[in-house]
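Now for the letters of each chain:
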Amino acid sequence: MEPTVPNLLLNETKSAPSSLSPPPASINDALPPELLLLIFDFVYTEMNQPLSYLHTMSEAVDRSKRHALHDTMLVCRAWHDLVVTSPQYWTTINVGIRESIGLWPKGAEKLGYGETQRVVLERELTASGELPIQINVGLDDVDDFQATFDLLREQAHRWQVFNLFTEPDRDMIKPIGQSQFEGLFNLPLPCLTALHIGGRWVRPDTNRRARMSASLQVDAPRLRALSCELHLVVPRSPSHLQFLSITGVHLEQLEPSVNELRVELNQLVELRITACNPGAILSTFSTPILNKLVVDTKTASYTVPQSLPQYQHLKELQWDDLGPDPTFSMFLPRCSNLEFFADYVVGLEDDIPLGVIDEAPTILGEIANIKIQRVEEEVLWPGMTEILLDSATCTEIAQLIDAVPSIQRVRVLRDPTTRGALENQVSERKLLERLRERVNVALWLEPWDNSRNGGVNRRVV
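For every chain, the first residue of its written sequence is number 1, and the numbers climb from 1 along that sequence. Thresholds applied to this predicted model are a pLDDT of at least 70 for local features of residues and 80 or more for the giving and counting of side-chain atom pairs; totals over whole chains, interfaces and linings are not thresholded and use all residues. To obtain the side-chain values, all non-hydrogen atoms of the structure were used and water was disregarded.

Novice: Explain the sheet that holds strand 9 (residues 232-235) to me, using residue names and the numbers behind them.
Specialist: Here three strands make up an open sheet; going across it, the order is 9-7-11 and the pairing parallel. Both edges of this open sheet fall to strand 9 and strand 11 (254-255), since each of them pairs with a single strand only. The pairing of strand 7 (residues 213-218) with strand 9 spans four bridges and is classified as parallel. Across the sheet, Leu216 pairs through a bridge with Val233, a residue of strand 9. One requirement defines pairing of two strands: DSSP has to find at least two bridges between them. By the criteria applied, helices consist of DSSP H or I runs no shorter than four residues and strands consist of E runs no shorter than two, each listed in order from the N terminus.

Novice: Tell me about the nonpolar core, and name the residues and values.
Specialist: Grouped together as the largest cluster of nonpolar side chains are 93 residues, with contacts concentrated most on Trp159, Phe162, Phe185 and Leu293. The element best represented in this core is helix 14 (residues 394-403), accounting for six residues. Throughout, a contact is declared for two residues whenever any of their heavy atoms are within 4.5 Å. Among residues more than four places away in sequence, those in contact with Trp159 are Ile133, Ile135, Leu152, Arg153, Leu184, Phe185, Leu189, Cys191 and Leu192. By size, the runner-up hydrophobic cluster in this structure holds 11 residues, among which are Leu31, Leu69, Met73 and Val83. Side-chain atoms within 4.5 Å link the members of a nonpolar core, which is a set of buried Ala, Val, Leu, Ile, Met, Phe, Trp, Tyr and Cys residues. A simple rule labels every residue: compare its accessible area, found with a 1.4 Å probe on the protein chains alone, to the largest value its type can have, and call it buried under 20%, exposed over 50%, or partly exposed in between.

Novice: Break down the packing of helix 3 (residues 33-47) against helix 6 (residues 77-84) for me, citing the residues and quoting the values.
Specialist: The geometry of helix 3 relative to helix 6 is characterised by a closest axis approach of 11 Å and an angle of 70° between their N-to-C directions. Considering the angle they form, helix 3 stands roughly perpendicular to helix 6. With respect to the hand of their crossing, helix 3 and helix 6 are arranged in right-handed fashion. Contacts between helix 3 and helix 6 pair Pro33, Leu36, Leu37 and Phe40 from the former with Trp79, Leu82 and Val83 from the latter. For the contact of helix 3 with helix 6, a count of residues per class yields seven nonpolar, no polar and no charged. A fitted line through C-alpha atoms represents every axis, and for helices the fit uses only the stretch in contact; the resulting angles, taken between N-to-C directions, go from 0 to 180 degrees. Geometric relationships in this document are graded by angle, where less than 35 degrees denotes roughly parallel, more than 145 denotes roughly antiparallel, 65 to 115 denotes roughly perpendicular, and other angles denote oblique. Two helices that cross are described as forming a left-handed crossing if the nearer one is turned anticlockwise from the farther one by less than a right angle, and a right-handed crossing if clockwise. Any residue that is not Ala, Val, Leu, Ile, Met, Phe, Trp, Tyr, Cys, Pro, Asp, Glu, Lys or Arg is counted as polar, Gly included; the first ten are nonpolar and the last four charged.

Novice: Go over the confidence of the model for the protein, please, and point to the residues and values.
Specialist: Known as pLDDT, the predictor's confidence for each residue is given on a scale from 0 to 100. Averaged over every residue, the pLDDT of the protein is 84; residues scoring 70 or more account for 83%. Overall, residues 1-16 carries pLDDT values under 50, and its contacts beyond four positions in sequence, including any with other chains, amount to one contact. Contacts of residues 454-461 to residues separated by more than four positions or lying in other chains number 23 contacts, the stretch itself having pLDDT below 50.

Novice: Describe the environment of Phe145, with residues and values.
Specialist: Here Phe145 lies in helix 9 (residues 145-153). The exposure class assigned to Phe145 is buried, which follows from its relative accessible area of 7%. Considered as a pair, Phe145 and Leu184 are 39 residues apart in the sequence and their alpha carbons are 10.0 Å apart.

Novice: Quick one: what's the story with unusual backbone geometry, residue by residue and with numbers?
Specialist: Following Glu255, the chain continues into Pro256 via a peptide bond in cis, with omega recorded as -5°. Among the secondary structure elements, Pro256 is positioned in the loop between strand 11 and strand 12 (263-264). One non-glycine residue with positive phi stands out, namely Glu260, at about 65°. By secondary structure assignment, the location of Glu260 is in the loop between strand 11 and strand 12. Here Trp444, not a glycine, exhibits a phi torsion of approximately 50°, which is positive. On the accessibility criterion, Trp444 (32% relative accessible area) is partly exposed.

Below, the structure written as structure tokens:
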């Protein structure tokens, strides 16, 4: 009778040596903690890059749901303890971020939401040691502004990135006091490189008005990126600011007043202006090496500045086309070295009501005016290679190419063959074919035809 499998295994066990061989070494025996930390550092850095500009609350919420090394901490107790006791993995401090989606720490109902929030904040600040920190504050779900701000101010010397978020239409439910708001930033901030202040109305300390927009000065010599909504933050000189975004800031309404304010931003390379007077902003900030300007005014009825400087270094201009705009008319001739122009804000294509746009692109009329003012033989924008338009007919595109012969790529969001009467649409199709023999033409967000000269995809910003 043949032996069964269990009997064979039993026989092999009996014939094996009595001394047991040592178990195989674990990865913790092979890799010392120093080497494990190098690996963890790489993973953490790749998964926990600083929040992009422009900052959004949703970015912070997504980050807060799961620690970058969450899976690493679940591998074994040794890895868990190594991560927990390493301050470099706890340098992102969130206040009111997870709470905005209902993720309160365990025990919050028993201890109290406010007390729990402060306990967690103190624990996070302690865990990060004395390293530079990124702070994300969701104002709408901060239980006690003063207690929270006091804890954060104690660590002001460590702030590297500070994001003050608020959600639309929630800013008056629990207003923030003027002295609380201003007091948060009136300390030296030696490490701060990036600051975002969301659009939350402030309650004045006096009873004159229910709400106000504030102007603040910050002592942050290393500040490189600044994003302001509703309130204006001005870095003290000398300023090394390279990126500035201003949204909904009306200079004439700020307190304290900024009348006659003039700010030298000699290193600024990118400026974004949204829902406010671009002429007032451009007149207030001196930007001699500005390389990129994005203007999303929401309206073209703002007052015109008395004067504007030349913008010799400006290469990229995005200015939303809402029809004739006196500020745009004054600004455009001062940009002699443009290489890229869009009459809408790149990334906001879905927000454009293309179906109701039937007028010619405003830039066409501006080009005609510029040519009248200049020497006839002078080439307009010799470096211009790419133009993006929300809507234009093929005839208008051809006029644009004739006026600026260096253009290689034209994008039109609304298909020109769908505009006008049926007989015009047939003509437009034929014109579009001819245009594509001259330049690279793309409709809506389709990719460029890279088989054509100059059809290299441009980065989307």
